[in-house]
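Chain by chain, the residues run as shown.
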Amino acid sequence: MTICRKTQLYAENKKEEIMVNVAVLGYGTVGSGVVEVLNTNKEIIKQKVGEELKVKYVLDLREFEGDPVQEILVHDYDVILKDKDVKIIAEAMGGEEPAYTFTKNALLAGKSVCTSNKELVAKHGAELIEIAKKNNANYFFEASVGGGIPIIRPLNQCLTGDEITEICGILNGTTNYILTKMSEKGYAFEDVLKDAQDKGYAERNPEADVEGYDACRKIAILTSLVSGAQVDFEDIHTEGITKITEADFKYAKALKASIKLLGISRKIDGKFYSMVAPFMIKENNPLYSVRGVFNGILVHGNMVEDVMFYGQGAGKLATASAVVADVVDAARNLGKNIPVEWKQTKSELGRFEDCKSKFFVRMKDKGLDSDQMDTVNEAFGDVLYVRAEEIKDELAFVTGEMTEEEFAEQLKKFDDVYSVIRVNF
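Note that the coordinates shown come from a computational prediction; the quantities given were computed from them, not determined experimentally.

Trainee: Hey, could you run me through the packing of aromatic side chains in this one?
Mentor: Note on aromatic pairs: each is described by the distance of the centres and the angle between the planes. One pass over the structure, following the stated rule, counts twelve aromatic pairs. An aromatic cluster of at least three residues, connected via ring pairs, comprises Phe 359, Phe 380, Tyr 385, Phe 397, Phe 407 and Phe 414. One Lys or Arg, Arg 217, reaches over the ring of Phe 233 and ends 4.5 Å from the middle of that ring. Here the guanidinium or amino end of Lys 282 rests over the ring plane of Phe 425, the centre of that ring lying 4.9 Å away.

Trainee: Help me understand the nonpolar core, please; the structure alone is not making it clear to me.
Mentor: Side chains of nonpolar character tend, in soluble globular proteins, to be buried together. Counting residues in hydrophobic clusters, the biggest one holds 82 residues, and the most contacted among them are Ile 80, Tyr 139 and Phe 141. Considering each element in turn, this core owes the most residues, eight residues, to helix 6 (residues 118–134). Among residues more than four places away in sequence, those in contact with Tyr 139 are Thr 103, Leu 107, Val 113, Thr 115, Leu 120, Val 121, Gly 125, Leu 128, Ile 129 and Ala 132. Counting residues in each nonpolar core, the second largest holds 32 residues, with Leu 53, Cys 114, Phe 140 and Val 328 among its members.

Trainee: Please explain the sheet that holds strand 3 (residues 73–74) as it appears in this structure.
Mentor: Picture the strands of a sheet paired through backbone hydrogen bonds; they go either parallel or antiparallel. Overall, parallel pairing links the six strands, which are arranged 3-2-1-4-5-6 in an open sheet. Bordering the open sheet on either side are strand 3 and strand 6 (139–140), each of which pairs with just one other strand. In the sheet, strand 1 (residues 20–25) pairs with strand 2 (residues 53–59) via six bridges, with the strands oriented parallel. Opposite Val 20, over in strand 2, you have Leu 53 as the bridge partner. Contacts from helix 2 (residues 29–40) reach strand 1, strand 2 and strand 4 (86–91), with the element oriented near 160° to strand 2.

Trainee: Please clarify how the pairing of strand 11 (residues 271–282) should be interpreted in this entry.
Mentor: Look at any regular strand and the pattern is simple: side chains alternate between the two faces of the sheet. Counting buried positions over the twelve residues of strand 11 gives ten, a clear majority of the element. Two elements, strand 9 (residues 237–238) and strand 11, share two bridges in a ladder whose sense is parallel. Following the sheet pairing, His 237 is matched in strand 11 by Met 275. The turn joining strand 10 (residues 257–268) and strand 11, which pair antiparallel and follow one another in sequence, is formed by two residues; a positive phi near 50° is taken by Asp 269. Bridge count between strand 11 and strand 19 (residues 417–423): two bridges; the pairing is parallel. Across the sheet, the residue bridging to Met 280 is Val 423, located in strand 19.

Procedures and definitions
- Per chain, residue numbering runs from 1 following the sequence as it is written.
- Residue-level local features of this predicted model are given only where pLDDT is at least 70; pairs of side-chain atoms are given and counted only at 80 or more, and the full residue set underlies all totals for whole chains, interfaces and linings.
- Calculation of side-chain values draws on the structure's entire complement of heavy atoms; hydrogens and water are dropped beforehand.
- Whether two aromatic rings pair depends on their centres lying within 6.5 Å, for rings of Phe, Tyr and Trp, where Trp uses its six-membered ring; planes under 30 degrees apart make the pair stacked, over 60 edge-to-face, and the rest tilted.
- Any Lys NZ or Arg CZ found within 6 Å of a ring centre and within 35 degrees of that ring's normal is scored as a charge over the ring.
- In this text, buried Ala, Val, Leu, Ile, Met, Phe, Trp, Tyr and Cys residues form a nonpolar core when linked through side-chain atoms within 4.5 Å.
- Per-residue accessibility, obtained with a 1.4 Å probe over protein chains only, is compared with the maximum for each type, and a residue is labelled buried under 20%, exposed over 50%, and partly exposed between these values.
- The helix count covers DSSP runs of H or I at least four residues long, the strand count covers runs of E at least two residues long, and both are numbered beginning at the N terminus.
- We call two residues in contact whenever any of their non-hydrogen atoms come within 4.5 Å of each other.
- Criterion used throughout: strands pair if DSSP finds at least two bridges between them.
- Helix axes are fitted only over the stretch in contact, all axes being lines through C-alpha atoms; the angle between N-to-C directions runs from 0 to 180 degrees.

As structure tokens, then:
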């Protein structure tokens, strides 16, 4: 063999050695986006990592004839798991199983895993982080909250010098799109939901979004990170937007406010109080201007005070970009664990009944001849009465600040209550 040929083979082997192989689990919306981002921005990513990232496998049960991915498509996860050359896995399957089993086995094998799977992270994040630590790998999940918005890494790295005392965010693009259209166009909930489904912003079964479950998992993840312990999403009081009507927006307009579905966690006397529910907010709140499918997250630290994160909270390439950012981070830290403070010990949330808020209430107006207003003032103190154009035979008001328990007890005194929305101003 000539010296030139030996040199050529050495160069080829050397090139193979410095390549980092990645496998993508799931070739749906996010998974195909991850492949697209890695291929489209290959040279930019190579400059940032110092090595080329190559998608060696894509796992999916389906076939994709005519798509170049068919050449690297596998149907058996063990092919990926047993390949020692695969160092990083991008999990884009969604759901708990088999994503949990696949992720756990990958971490046990020393492979880093990057995911957008909020359901998996919310339920098993602490456990998977611990497994990654023990095996000198990483479990990264930037894309699980806020889509393309960087929020996990700032909480885990940039704001570690602060005590985070509050997180308040619009965490679901589908519900924000629906509420925005209801506010701006005066449409009914059902009509806007159908429009969102037609445009691909809402699933055929939109329950996880419109009932607040998606936002609940995300605020659980964020609260777990800032508390350093496991917050179970089942323990967080959650309300959706299905009961919001056009009339509610007319009153909001009279109050110069808007209605947003918020995920909130506040630290009071050492405990976090968390909930997901619709709130009326005014234009001095930075979240007021977050419209359409966009998300916004406000973080308050005891030193940095208010910091806001804003951007596309969903979508193929926005979410895929966040996954790839984690893949890049994992490639830079092969064989080295980046600490994440999130232990399996359960974090005890404060009682929902002790949370304080103001409340907007709509009820049937029983007329001047009744003692209704006296009863309202007796129950809720000095309230702010609100009138809205074109709405008759209703009594609407905003209470002063009171606990959930106090409000619920006083509300029992009234029948014919049409709507209750919390107020954050």
